[in-house]
Amino acid sequence: MFYDYVKIFVKGGDGGNGVVTFRREKYVPLGGPSGGDGGKGADVIFVADESLTTLVDFKYRQHYKAQRGENGMRKNMHGKNGEPLIVKVPVGTLVRDAESGELLADIVEKNQRVVVAHGGRGGRGNARFQSARNRAPEIAEKGEPGEERWLRLELKLLADAALVGLPNAGKSTIISKVSGSRPKIADYPFTTLHPNLGVVNLEPGMSFVLADIPGLIEGAAEGVGLGHRFLRHVERSRLLLHVVDMSGLGELSPWEEFCVIDKELALYRQDLAARRRLLLANKMDMPQAAENLHEFKQRLVESGHDYPLFEISALTGEGLRELMYQVFEILQTTPLPVLPDMQDTEDESLGKLTKVVAEPEFVITQAEPGVWQVTGKKLEKLVVMTDWEYEASLRRLQNILTKIGLDAALREAGAQDGDLVQIAGREFDYAE
Ligand SMILES: Nc1nc2c(ncn2[C@@H]2O[C@H](COP(=O)(O)OP(=O)(O)OP(=O)(O)O)[C@@H](O)[C@H]2O)c(=O)[nH]1
Ligand SMILES: [Mg+2]
């Protein structure tokens with residue numbers, strides 16, 4: 001099977017915890033704080049790998065969690081950082097936030113790297129909280145939780161040129177003759193069930209990527225057959241190679257064949273029909289082919305089309321070599337199509353994760369009389385990172401909560417002395 005949509009979960013590693021320790025050395029009677037910081041949690045990183053052409057691996061593994069940082073240690077020693085989790089994805093993968101659908105990254109180049117979930121920073125050890133006022137702080141932070149989210153991956157193969165045509169026209173035979181791709185070829189329609197990519201190497205430094213997609217039929221644009229799914233892969237090709245079977249042995253005449261495909265392309269996307277296109281009159285080795293071609297050309301001229309036409313026989317290889325050189329030449333002067341999604345690609349923020357929404361600092365909701373729930377990413381993080389073992393850590397948290405205005409906001413919302421305040425699964429008593 002060819003998988004081109006998957007949903008996966010990614011989570012950056014949590015930061016390691018900072019620790020509270022004090023020096024206890026022979027000649028240092030009043031040992032100062034010596035608790036080290038926790039290590040940084042690891043990132044989850046996508047790396048584009050040219051050898052991959054499907055998302056099939058993601059069907060078998062859906063969760064990707066990077067290593068957490070190690071906890072800090074005594075003697076001011078930092079915990080070790082987590083090792084990044086490298087996940088290989090095919091070139092042509094679009095990364096979306098599964099919930100909002102927002103495009104986060106468009107992976108178009110080989111070896112391109114994208115951090116899809118950042119690891120949390122390590123919590124600070126008590127050595128970092130020493131100050132003139134507090135020489136022996138019993139404060140340490142827990143590690144920051146790693147970023148986590150569900151992603152939707154979508155694969156749009158990136159081919160310079162794409163072979164399109166009715167089933168049985170000879171598309172797979174062509175790609176098998178001009179590239180290393182070895183798709184199944186057979187004398188019945190719908191032999192090809194998923195797109196194949198092949199690299200056409202003409203001479204050193206002269207190559208391009210060709211795609212062979214499953215045959216299209218009438219109604220493909222509305223989803224008949226597997227049409228819609230596969231037309232997506234053509235969207236990004238600069239040049240269409242429209243293959244028409246000239247043998248006259250099919251159900252439709254070559255001209256009718258041509259019209260079906262022409263219509264489906266236009267129905268799918270207006271600009272696909274307008275995309276640069278070459279016509280490949282295939283199976284010219286067949287007895288009736290020359291005659292059929294003659295008629296086909298007439299209809300073509302009558303209907304006002306002026307696509308360049310190439311006579312070939314994929315079976316014997318006749319005309320294929322010249323055709324491939326022509327394709328290469330044409331590609332040199334054909335720009336990449338600009339699609340709505342691809343315009344986003346030029347946005348510099350892509351390649352990094354972009355924040356989906358600007359959130360308010362915190363939101364207060366009354367769960368029931370006397371019970372208040374407070375949510376907010378930053379705030380929750382702060383609470384999660386507080387080490388409850390130490391009085392001083394708690395006091396620090398309380399100071400920060402007051403500083404960011406939570407106390408005042410609660411009072412305004414109607415909180416009374418003795419009410420319960422819940423944040424990130426922890427409970428506090430509200431006191432004026
Ligand atoms: N005589 C002749 N037969 C050809 C030629 N090209 C392809 N064929 C035959 O046509 C049949 C279909 O070829 P494929 O390459 O599988 O066609 P396809 O367009 O990939 O078909 P789908 O995958 O079903 O869309 C096979 O039996 C091929 O051997 C040609 O130039 N001459
Ligand atoms: Mg095929």
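The model shown is predicted, which means the values in this text are computed figures rather than measured ones.

(A) Spatial organisation of the coordination of the magnesium ion (ligand 2). Coordination sphere of the magnesium ion (ligand 2), protein contribution only: S172 (OG) and T192 (OG1), at 1.9 to 2.1 Å. Pair noted here: S172 is in helix α2 (residues 171-178) and T192 is in the loop between α2 and β10 (196-203), with a separation of 20 residues, a long-range link. Accessibility classification places S172 together with T192 in one group, the buried group.

(B) Spotlight on the sheet that holds strand β17 (residues 420-423). Strand order in the open sheet formed by four strands is β15-β16-β17-β18, and the pairing between neighbours is mixed. On the outer flanks of this sheet lie β15 (363-368) and β18 (426-429), each paired with one strand and no other. Each neighbouring strand pair of the sheet contributes to a mean axis angle of 30°, computed without reference to strand direction. Bridge analysis of strand β16 (residues 371-375) against β17 gives four bridges, and the strand direction is parallel. Bridge pairing in β17 places W372 opposite V421.

(C) Summary view of unusual backbone geometry. Unlike most non-glycine residues, K75 shows phi in positive territory, near 60°. With respect to the helices, strands and loops of the structure, K75 is situated in the loop between β3 (63-65) and β4 (85-90). Judged by relative accessible area, K75 falls into the exposed class, the value being 63%. Phi is positive for N76, close to 65°, though the residue is something other than glycine. With respect to the secondary-structure elements, N76 resides in the loop between β3 and β4. Owing to a relative accessible area of 40%, N76 belongs among the partly exposed residues under this scheme.

(D) Highlighting the site of ligand 1. Surveying the vicinity of ligand 1 reveals 23 residues, the closest of which are K171, T173, F190, T192 and D285. At 3.1 Å from an oxygen atom of ligand 1 is found a main-chain nitrogen or oxygen belonging to G215. L315 is positioned with one of its backbone polar atoms (N or O) 3.1 Å from an oxygen atom of ligand 1. Protein chains bury 92% of the 650 Å² of accessible surface belonging to ligand 1 in isolation. No other element matches the three residues that α2 contributes to the shell around ligand 1.

(E) Molecular detail of the domain arrangement of the protein chain. Per the domain assignment, the segments making up the protein chain are domain 1 (5-155), domain 2 (161-340) and domain 3 (363-429). Here domain 1 and domain 3 have C-alpha centroids that lie 26 Å from each other. Contact residues are listed per partner, giving 12 residues for domain 1 and nine residues for domain 3. If you sort the residues of domain 1 by the area they bury against domain 3, E138, I139 and K142 come out on top, with a joint share of 43%. Where domain 1 meets domain 3, there are two salt bridges. Close ionic contact of R396 with E141 constitutes a salt bridge, the shortest N to O distance being 3.4 Å. Inspection of the region where domain 1 meets domain 3 yields four residue pairs in polar contact (both at pLDDT 80 or more). The class makeup of the residues in the side of domain 1 that touches domain 3 is five nonpolar, one polar and six charged.

(F) Local environment of the sheet that holds strand β12 (residues 239-245). Strands sit in the order β10-β11-β9-β12-β13-β14 across an open sheet of six strands; the sheet is mixed. Two strands close off the open sheet at either side, each with one partner strand: β10 and β14 (309-311). Across the sheet, the axes of successive neighbouring strands diverge by a mean angle of 25°, strand direction being ignored. Taken together, the five bridges between strand β9 (residues 161-165) and β12 define a ladder with parallel strand orientation. Pairing of A161 across the sheet is with L239, part of β12. Of the strands in this sheet, β9, β10, β11 (206-212), β12 and β13 (277-282) touch α2, which is tilted by about 155° from β11.

Scoring rules and cut-offs
Residues numbered from 1 in each chain as written. Chains lettered and ligands numbered in written order. Predicted model: local features only at pLDDT ≥ 70, side-chain atom pairs only at ≥ 80, totals over all residues. Heavy atoms only, no water. Donors = N, O, S within 2.8 Å, 3.2 Å for Na, K, Ca; no water. Helix = DSSP H or I, 4+ residues; strand = E, 2+ residues; numbered from the N terminus. Buried < 20%, exposed > 50% of the residue type's maximum accessible area, 1.4 Å probe, protein only. Pairing = 2+ DSSP bridges. Axes fitted to C-alpha atoms, helices over the stretch in contact; angles between N-to-C directions. Near = heavy atom within 4 Å. Polar contact = N/O pair within 3.5 Å; in protein donor to acceptor, adjacent residues only side chain to side chain. Areas by Shrake-Rupley, 256 points an atom, 1.4 Å probe, with all protein chains shown as cover. Domains from an automatic or database assignment. Contact = heavy atoms within 4.5 Å. Buried area = accessible area lost by both parts, 1.4 Å probe. Salt bridge = Lys/Arg side-chain N within 4 Å of Asp/Glu carboxyl O. Nonpolar A, V, L, I, M, F, W, Y, C, P; charged D, E, K, R; others polar.

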